[in-house]
Amino acid sequence: MEKEKEKEIESPILDETQPHQIHAPSFKGTGMRMQPPFVNKYGVVIGDSKYNSPNSPLHEWSDETDPSVMAGDEWVHPTNDIGWNTPENRAQLEKKRSENAPFMHPDKDVGYGAD
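The rules behind each value
- Throughout, a residue's number is its position along its own chain's written sequence, starting from 1.
- Local features are withheld for residues below a pLDDT of 70 in this predicted model, meaning they are given only at 70 or higher, and side-chain atom pairs are given and counted only at 80 or more; totals for whole chains, interfaces and linings count all residues.
- Remark: hydrogens and water are excluded; side-chain values derive from all non-hydrogen atoms of the structure.
- In this text, helices come from DSSP runs of H or I with a minimum length of four residues, and strands from runs of E with a minimum of two, each type numbered from the N-terminal end.
- Buried means the residue's accessible area, taken with a 1.4 Å probe over protein chains only, is under 20% of the maximum for its type, while exposed means over 50%, and partly exposed covers the values in between.
- By definition in these notes, contact holds between two residues if any of their heavy atoms fall within 4.5 Å.
- Note on areas: Shrake-Rupley with a 1.4 Å probe; residue coverage comes only from the protein chains shown.
- Patches here are clusters of residues that have more than 30% relative accessible area and form no salt bridge, with a 9 Å joining cutoff for like charges and a 5 Å cutoff for nonpolar side chains (Val, Leu, Ile, Met, Phe, Trp, Tyr).
- The salt bridge definition used is simple: a Lys or Arg side-chain nitrogen within 4 Å of an Asp or Glu carboxyl oxygen.
- Here a cavity means grid points, on a 1 Å grid over the protein atoms only, where a 1.4 Å probe fits yet cannot get out; a pocket means an open set of points with protein on both sides within 12 Å along at least five of seven lines; lining residues are those with an atom within 4 Å of a point.
- Grid points are joined across faces, edges and corners, and a volume is the space filled by probe spheres set on the points.
- Under the scheme applied, nonpolar residues are Ala, Val, Leu, Ile, Met, Phe, Trp, Tyr, Cys and Pro; charged residues are Asp, Glu, Lys and Arg; polar residues are all the others, including Gly.
- Two aromatic rings, drawn from Phe, Tyr or Trp (for Trp, its six-membered ring), form a pair once their centres lie within 6.5 Å of each other, and the interplanar angle then sorts them: stacked below 30 degrees, edge-to-face above 60, tilted otherwise.
- Counting of polar contacts relies on pairs of N or O atoms within 3.5 Å, with two restrictions inside protein: one atom must be capable of donating a hydrogen and the other of accepting it, and residues adjacent in sequence are counted only when both atoms are side-chain atoms.

## A few points about the overall build of the protein chain
- Counting its secondary structure elements, the protein chain contains two helices and two strands.
- Starting at the N terminus, the α and β elements of the protein chain follow one another as α-β-β-α.
- When the 115 residues of the protein chain are sorted by exposure, 24% land in the buried category.
- Contacts in the protein chain between residues far apart in sequence, at least 24 positions, make up 58% of those at least 6 positions apart.
- Put simply, the protein chain shows about 8,800 Å² of open surface, and 53% of that area lies on carbon and sulfur atoms.

Right under this line is the structure:
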């Protein structure tokens, strides 16, 4: 049943990127795979970038709502989270990119004769 739910959720991922978010980092070449959206234990879709799940407490928020109702790991998507846009987290991704790949021009070997 869980797999059926996951298939129904439209994913914003395209080639290990999220092109709809202008400053979203690319996970390509980092060894990390972007994770698809999921439905948490409250029935709220997390990670689809729409933030409009009908079961979300945001739709029924009031002065009496305890904010802790939306605290915890089940409310945070591992790869589609605003935290990846911070300079610190983007730097972590850059460190994971393959540093051993030589710089190559599409039609010229710029490293020829350099060794």
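## Topic: a nonpolar patch on the surface
- Judged by side-chain polarity, L58, W61 and V69 come together as a nonpolar surface patch covering roughly 270 Å² of accessible area.
- Structurally, L58 can be placed in the loop between β2 (45–46) and α2 (87–96).
- Among the residues examined, L58 registers a relative accessible area of 52% and is labelled exposed.

## Considerations on the layout of surface pockets
- Considered as a void within the structure, the largest pocket measures approximately 300 Å³ in volume.
- Lining the largest pocket are 19 residues, with V45, I46, Y51, M70 and W75 sitting closest to its centre.
- Of the residues in the lining of the largest pocket, the class split is nine nonpolar, eight polar and two charged.

## Quick look at the packing of aromatic side chains
- Inspection of the entire model under this criterion finds one aromatic pair.
- With centroids separated by 5.3 Å and ring planes inclined at 20 degrees, the aromatic side chains of Y42 and W75 adopt a geometry described as stacked. Taken together, the positions of Y42 in the loop between β1 (38–39) and β2 and W75 in the loop between β2 and α2 put the pair 33 residues apart, joining distant regions of the chain.
- Its relative accessible area of 13% is what places W75 among the buried residues.

## Looking at the side chain of T30
- Looking at where T30 falls in the secondary structure, it is placed in the loop between α1 (2–8) and β1.
- Residue class for T30 comes out buried when judged on its relative accessible area of 7%.
- Within polar-contact distance, the side chain of T30 engages the backbone nitrogen of M32 at 3.1 Å.

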